[in-house]
Amino acid sequence: MIGETGRWRVLAATAMLLAAPASAEVVEEIVAKIDGDIITMSELRMAEQELLQDLYRQYAGEELDQQVRQARSQLLRDLID
């Protein structure tokens, strides 16, 4: 049986756990790591936006769709090289 002091310790420990919940926040996702260099998700998205802007200026219709598919499939490899 837990004595009075033991109950207070359990109550205090529980209160501490509830008062300061552990939390983790993802700040940046790493999509690739090559020889110690990393490529982050935001870098990949920024490169994709620049690429799409260029493609939308140059192409239209089916050709645009094809170019976008091809460019997206190559984008990470291009960033690695």
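Everything discussed here concerns the structure shown above.
Residues numbered from 1 in each chain as written. Predicted model: local features only at pLDDT ≥ 70, side-chain atom pairs only at ≥ 80, totals over all residues. Heavy atoms only, no water.

## Regarding unusual backbone geometry
Here is step 1: Positive phi outside glycine occurs at D35, with the angle close to 50°.
Here is step 2: Examined against the element boundaries, D35 turns out to sit in the loop between β1 (30-34) and β2 (37-40). (Helix = DSSP H or I, 4+ residues; strand = E, 2+ residues; numbered from the N terminus.)

## Section: the packing of helix α2 (residues 41-58) against helix α3 (residues 61-80)
Between two packed helices, both the angle of their axes relative to each other and the distance between the axes serve to describe the pair.
Here is step 1: Look at α2 against α3: their axes get within 10 Å of each other, and the N-to-C directions meet at 150°. Our pair here, α2 against α3, has a crossing hand that is right-handed. Of the residues in α3, those touching α2 at L44, A47, E48, L51, L52, L55 and Y56 are L64, Q67, V68, A71, R72, L75, L76 and L79.
Here is step 2: The residue inventory of the contact of α2 with α3, partitioned by class, reads 12 nonpolar, 1 polar and 2 charged. (Axes fitted to C-alpha atoms, helices over the stretch in contact; angles between N-to-C directions. Left-handed = near helix turned anticlockwise from the far one by under 90°. Contact = heavy atoms within 4.5 Å. Nonpolar A, V, L, I, M, F, W, Y, C, P; charged D, E, K, R; others polar.)

## Thoughts on the nonpolar core
Here is step 1: L52, L55, L64, V68 and A71 form the largest nonpolar core, which has 5 residues in total.
Here is step 2: In this structure A71 touches L51 and L55, once residues within four positions along its chain are discounted. (Core = buried A, V, L, I, M, F, W, Y, C linked by side-chain atoms within 4.5 Å. Buried < 20%, exposed > 50% of the residue type's maximum accessible area, 1.4 Å probe, protein only.)

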